[in-house]
Amino acid sequence: MSLLRELYQEVILDHNKAPRNFRRMENATRRVDGYNPLCGDHYTVYVKLENDRIVDVSFEGAGCAISKASASVMSTLVKGRTINEAEELFHNFHRLVMGEKEGEDDIEKLGKLAAFAGVSEFPARVKCASLAWHTLHAAVKSDTATVSTE
Amino acid sequence: MTTEPATVAAPSFHDILRIAGCRHHFPLLRQLVNGKPLVYFDNAATSQKPQVVIDAMVKYYETENSNIHRGVHYLSERATQAYERVRAKVKAFVNAEDQREIIFVRGTTEAINLVAHSFGKIHVHPGDEILVSAMEHHSNIVPWQILCEERDATLKVIPMNDRGELLMDEYERLLSDRTRIVAVTHVSNALGTINPVKDIVAKAHARGIPVLVDGAQAVPHMHVDVRDLDCDFYAFSAHKMFGPTGVGILYGKRRWLEAMPPYQGGGDMIKSVTFEKTIYNDLPYKFEAGTPNIGGGIGLGAAIDYLHELDLGGVQQLEHDLLAYATEKILTIPGVRIIGTAAQKAAVLSFTMEGIHPHDIGTILDVEGVAIRTGHHCAQPVMQFFGVPATARASFAFYNTKEEVDAFIKALHKVIEVLG
Ligand SMILES: Cc1ncc(COP(=O)(O)O)c(C=O)c1O
């Protein structure tokens, strides 16, 4: 059970059951679809940008507990941040789920993201955890309308 | 003569016990996964291999390995004979009329691509129609789509009902003067449905239309008699019938195969080559360009011998009992919906759990040592039809046990405990 509890931590279960910022956004600056063809996870991420600041972010769609919780936690963390700060969070998150060791400081910096540390034990789930982040990255950095994890 | 399950003599209790006892022939099954005894319920993706198949391949590489149809030396002769003996075994296994009707390919996918390409080249023209069913694996959809695009033809789809059974009246209505070929699966990998292929073939033949049957999920579970079915093409993969990966079979009636142009060019498929003109080899070699998977072919031969001794009638009965047991047990779990409830079903149990994504089910089961498949099962149109992004699928083989089903059900309760 402990391995499972490490993956499905309370934070993840909570955000899966009651995802935050789970809504459509009418006046979004950018809207990007993210798709994981392997398991059919499908989300749309909306961002509202003012200069280089993410003043609002939301998402809708369907997928597994890991991908949905990840999208939800992400939305709470990047709201109000600059694009560069969001990109740095993505970088840290990516290292975390890939199992690249973090120092004490880094863990501290990760905050709520640390709940996804268990994902690194489940290589098949890394794509689930990072789908929303890849989609956000596309929304703030490029002009594609769809990203796929394949 | 018929292959309908109802008319096959019921296997005795003794036979069933004997078959169940064959589990120990599969070395891979004796392992722990995450500290739990492995429960392998992903047989529709690929089956495990008995020791005799592994041994036959090792022995081939240790004592006979050589290229075939090419050398005059001792080893080449032996390898050629061994490989051609497998062709004879396959012929008997599916009851083909003639050994030349058995083409070695890489698997079901390549077999279907071969027919789409070579048959399509001479028989499919602009405005023509190709008929597939709503429950096909991508490998029996995409090759036909490519052909339709190239030839300006149209792909038509036989619909199904919400149990996952083909609508035979609709099927008959869809057969038209423009239909050039019907391509249907014998057993659905996503739903378990056993299609009435004999009837499907008869109805197409009444209008002079040939039929390709995708037998990937049928051959490991039941007697297949291509002459009784009267199908024109039958495709299957060794790796789903306890043989190795990388080898499969296309059966085709000689009169079609003779007229079809080659699929690929290269060695073995020619009689003579000059820069001006090449004369193609006779059947079956015309369709077998290049050095084939000889070791894999030897493994397939051993798998056929193994299935012969096992007795597929008994296998079918045993798997039927397992499926019935698992179906009854899983329906006691709240929120479970079975996808695919056809009256005629093979040992496939596709399901969803309310509010829980199949991917999460798969991960939790894996931690409990239970291997199932989750996702769209290479049948995205089936998922769309049932309005689900994916399903969880347990698929059984004769070596699975009721105790394993119990472990599976227990693991599903754990899923609810963790995520419910
Ligand atoms: C019904 C069906 N058709 C075709 C295939 C493709 O077989 P292969 O991948 O061995 O070519 C499969 C296997 O996944 C299948 O289940």
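Residues numbered from 1 in each chain as written. Chains lettered and ligands numbered in written order. Predicted model: local features only at pLDDT ≥ 70, side-chain atom pairs only at ≥ 80, totals over all residues. Heavy atoms only, no water.

**Q** Report on unusual backbone geometry, specifying residues and quantitative values.
**A** All names here are of chain B. Here the amide bond leading from Leu-283 into Pro-284 is cis, since omega sits at 0°, within 30 degrees of zero. Positive phi, close to 55°, is recorded for Cys-378, a residue that is not glycine. By secondary structure assignment, the location of Cys-378 is in the loop between strand E16 (373–375) and helix H13 (380–386). (Helix = DSSP H or I, 4+ residues; strand = E, 2+ residues; numbered from the N terminus.)

**Q** How would you summarise the side chain of Asp-268 of chain B if you had to cite specific residues and measurements?
**A** Looking at the secondary structure, you find Asp-268 of chain B in the loop between helix H9 (254–259) and strand E11 (270–273). Those residues in contact with Asp-268 of chain B that sit more than four places away from it in its chain are Ile-68, His-69, Arg-70, Asn-281, Tyr-285, Glu-288, Gly-290 and Pro-292 of chain B. (Contact = heavy atoms within 4.5 Å.)

**Q** I'd like to hear about the interface of chain A and chain B, residue by residue, with values.
**A** In this complex, chain A contributes 22 residues to the contact, which on the side of chain B involves 17 residues. Taking both sides of the interface into account, the surface hidden between chain A and chain B amounts to around 1,500 Å²; carbon and sulfur atoms contribute 60%. For the pair chain A and chain B, the interface holds one salt bridge. We note a salt bridge from Asp-360 of chain B to Arg-125 of chain A, for which the minimum N-O separation is 2.8 Å. At the surface where chain A touches chain B, the tally comes to nine residue pairs in polar contact (both at pLDDT 80 or more). The set of elements that each furnish at least two residues to the side of chain A that touches chain B consists of helix H1 (2–7), helix H2 (10–17) and helix H3 (65–78) of chain A. Per element, the largest residue contribution to the side of chain A that touches chain B is four residues, and it comes from H1 of chain A. Across the side of chain A that touches chain B, the residue classes break down as 16 nonpolar, two polar and four charged. (Buried area = accessible area lost by both parts, 1.4 Å probe. Salt bridge = Lys/Arg side-chain N within 4 Å of Asp/Glu carboxyl O. Polar contact = N/O pair within 3.5 Å; in protein donor to acceptor, adjacent residues only side chain to side chain. Nonpolar A, V, L, I, M, F, W, Y, C, P; charged D, E, K, R; others polar.)

**Q** Go over the nonpolar core, please, and point to the residues and values.
**A** As a rule of thumb, nonpolar side chains are buried together in soluble globular proteins. Core analysis: the largest hydrophobic core is formed by 78 residues, its most contacted members being Tyr-8 and Phe-116 of chain A together with Ile-330, Ile-361, Phe-396, Phe-408 and Leu-412 of chain B. Sort the elements by how many residues they give to this core and helix H6 (residues 126–141) of chain A lands first, with 10 residues. Excluding its chain neighbours within four sequence positions, the residues that come into contact with Phe-116 of chain A are Ile-12, Ile-66, Ala-69, Ser-70, Val-73, Phe-93, Leu-96 and Val-97 of chain A. In terms of nonpolar packing, the next biggest core, distinct from the first, is built from 76 residues, Val-226, Leu-229, Tyr-251 and Phe-386 of chain B among them. (Core = buried A, V, L, I, M, F, W, Y, C linked by side-chain atoms within 4.5 Å. Buried < 20%, exposed > 50% of the residue type's maximum accessible area, 1.4 Å probe, protein only.)

**Q** Lay out the site of the ligand with the relevant residues and their values.
**A** Residue and element names in this part refer to chain B. The ligand sits among 13 residues. The nearest are Thr-109, Asp-214, Gln-217, Ser-237 and Lys-240. Gln-217 places a side-chain nitrogen or oxygen 2.7 Å from an oxygen atom of the ligand. Between the ligand and His-239, the relevant distance is 2.7 Å, taken from an oxygen atom to a side-chain nitrogen or oxygen of the residue. Alone, the ligand offers 400 Å² of accessible surface; in the complex the protein occludes 84% of this. Of the residues that constitute the shell around the ligand, the class distribution is one nonpolar, 10 polar and two charged. (Near = heavy atom within 4 Å. Areas by Shrake-Rupley, 256 points an atom, 1.4 Å probe, with all protein chains shown as cover.)

**Q** Account for the sheet that holds strand E13 (residues 336–339) of chain B, with residues named and values stated.
**A** All names here are of chain B. The antiparallel open sheet is built from four strands, whose spatial order is E13-E14-E17-E16. Each edge of the open sheet carries a strand with a single partner, namely E13 and E16. Neighbour to neighbour, the strand axes of the sheet diverge by 30° on average, direction disregarded. In this structure, E16 lies alongside strand E17 (residues 391–395), joined through three bridges in antiparallel fashion. Each bridged residue has a counterpart across the sheet, and for Arg-373 the counterpart in E17 is Arg-393. Sitting on the sheet, helix H14 (residues 402–419) touches strand E14 (348–353) and E17, and the angle it makes with E14 is about 15°. (Pairing = 2+ DSSP bridges. Axes fitted to C-alpha atoms, helices over the stretch in contact; angles between N-to-C directions.)

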